[in-house]
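# Analysis of the macromolecular model
This is what each chain is made of:
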Amino acid sequence: MLEEELGKLKLAELHLPPIAATRMSPLPEFPSEPADEYKAIDASRSLWVIVDPDGKVLRFDVSSSWQSRLPVAEFGQALMMTYLDALRIAATVERQARRDHRDEPEPVEFQSWSGMPDMDTWLAQIREEQAAIGRQLREARENADKVSLEVTALRSPYGLVTLQIRNGALVGLTANTAALSQANIGQVQQDLWEVFGDAGLTSDRGMAPLSQSRRRRRAEEDPEEDLWKGLGAQ
């Protein structure tokens, strides 16, 4: 009950931006098993967002030919939807894994009656646990009442995108189409990584954009390298 109540209070803070109401890509595919990372891709196969199990960004990938597949004017919406899809995939798979784990039968431990507490002690323990749960619920409600509605705008270093952040969550994203149309792939990836990092949305395990030499090495290993890119690509 406590977990469900706290979950409801946390979800009450989340207000998806209007951009999320219009889907440009098909529904994402959900892995059947938990993983160290979860990936979402837009319908044009131009943008990839990879997150860890906590929903923190591990890296952004942008196709070297994205402008031939995705109109520049739609870049911001495609990025926002792909990011939200990645979060949803991670949250859904991890939540199901926790539910499956809770459903597993607990190992039975036998102990003698002499080791059991007497009735008064047992009742005192129950009352103490209930009191602790009550305190946690009150604190959660008080924290929910203190949730700020203020939105902070974070502009990326190259000015390609601007994030709208509220209470540590991304609630909006706008793209500078003129700047995007002139930026190379390395600048796009670096810009996204830095601004999402400034917003606290990236993982410590995350990867900065690939260097040109690393991109060439991966191209030799990956026959679909035209869908990937690296820092310094034009």
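Calculation criteria
- Residues numbered from 1 in each chain as written.
- Predicted model: local features only at pLDDT ≥ 70, side-chain atom pairs only at ≥ 80, totals over all residues.
- Heavy atoms only, no water.
- Helix = DSSP H or I, 4+ residues; strand = E, 2+ residues; numbered from the N terminus.
- Contact = heavy atoms within 4.5 Å.
- Areas by Shrake-Rupley, 256 points an atom, 1.4 Å probe, with all protein chains shown as cover.
- Polar contact = N/O pair within 3.5 Å; in protein donor to acceptor, adjacent residues only side chain to side chain.
- Pairing = 2+ DSSP bridges.
- Axes fitted to C-alpha atoms, helices over the stretch in contact; angles between N-to-C directions.
- Patch = residues over 30% accessible without salt bridge, like charges linked within 9 Å, V, L, I, M, F, W, Y side chains within 5 Å.
- Salt bridge = Lys/Arg side-chain N within 4 Å of Asp/Glu carboxyl O.
- pLDDT = per-residue confidence, 0-100.
- Phe/Tyr/Trp six-rings, centres within 6.5 Å; stacked < 30°, edge-to-face > 60°.
- Buried < 20%, exposed > 50% of the residue type's maximum accessible area, 1.4 Å probe, protein only.
- Core = buried A, V, L, I, M, F, W, Y, C linked by side-chain atoms within 4.5 Å.

### Observations regarding the overall build of the protein
Within the protein one finds 7 helices and 6 strands. Secondary structure of the protein in N-to-C order comes out as α-β-β-β-α-α-α-β-β-β-α-α-α. In the protein, of all internal contacts separated by at least 6 residues, the share reaching a separation of at least 24 is 60%. When the accessible surface of the protein is totalled, it reaches about 14,500 Å², and 51% of it is carbon and sulfur.

### Section: the environment of S203
Position of S203 among the secondary structure elements: in the loop between α6 (185-198) and α7 (212-221). Put simply, S203 and L58 are 145 residues apart on the chain and 5.6 Å apart in space, counted from C-alpha to C-alpha. If we ignore the near neighbours within four places in the chain, the residues touching S203 are D52, K56, V57, L58 and W193. Side-chain polar atoms of S203 contact the side chain of D52, separated by 3.3 Å.

### Remarks on the sheet that holds strand β6 (residues 169-175)
The strands making up a sheet associate through backbone hydrogen bonding, with each pair oriented either parallel or antiparallel. Across the sheet, which stays open at both edges, the 3 strands sit in the order β4-β5-β6 with antiparallel pairing between neighbours. Only two strands of the sheet have a single neighbouring strand rather than two, namely β4 (152-155) and β6. Each strand axis lies, on average, 25° off the axis of its neighbour in the sheet, ignoring direction. Pairing of β4 with strand β5 (residues 161-166) involves 4 bridges; the strand directions are antiparallel. The residue bridging R155 from the neighbouring strand is T162, located in β5. Lying on the sheet, α6 is in contact with β4, β5 and β6; it crosses β5 at an angle near 20°.

### A word on a nonpolar patch on the surface
On the surface, a nonpolar cluster with roughly 310 Å² of combined accessible area is contributed by M119, W122 and L123. With respect to the element layout, M119 can be found in helix α4 (residues 119-145).

### A look at the sheet that holds strand β2 (residues 47-51)
Taken in spatial order, the 3 strands make up an open sheet running β1-β2-β3, and their pairing is antiparallel. In this open sheet, the two strands that pair with only one neighbour each are β1 (38-41) and β3 (57-62). Across the sheet, the mean angle separating the axes of adjacent strands is 15° when strand polarity is ignored. Where β2 lies against β3, 5 bridges are found, and the strand directions are antiparallel. Across the sheet, the residue bridging to L47 is V62, located in β3.

### Points about the confidence of the model for the protein
For the protein, per-residue confidence averages 75 on the pLDDT scale, and 66% of positions sit at 70 or higher. Across residues 211-234, where pLDDT falls below 50, the model places 50 contacts with residues more than four positions away in sequence or in other chains.

### Side note on the packing of aromatic side chains
Evaluation of the coordinates by the stated rule reveals 3 aromatic pairs. With 4.8 Å between their ring centres and 65° between their planes, F60 and F196 make a pair best called edge-to-face. One end of the pair, F60, is in strand β3; the other, F196, is in helix α6, and 136 residues separate them in sequence. Like F60, the residue F196 is buried in the burial classification. An aromatic cluster is present here, built from F60, Y83 and F196 joined pairwise through their rings.

### Topic: the nonpolar core
Judged by nonpolar contacts, the single largest core of 37 residues is most densely connected at F75, L163, L170 and F196. Where this core is concerned, the elements lending two or more residues are β1, β2, β3, α3 (75-103), β5, β6 and α6. Among the elements that make up this core, the one with the highest residue count is α3 (10 residues). Each residue touching L170, except ones within four places of it in the same chain, is listed here: M80, Y83, L163, Q164, I165, F196 and L201.

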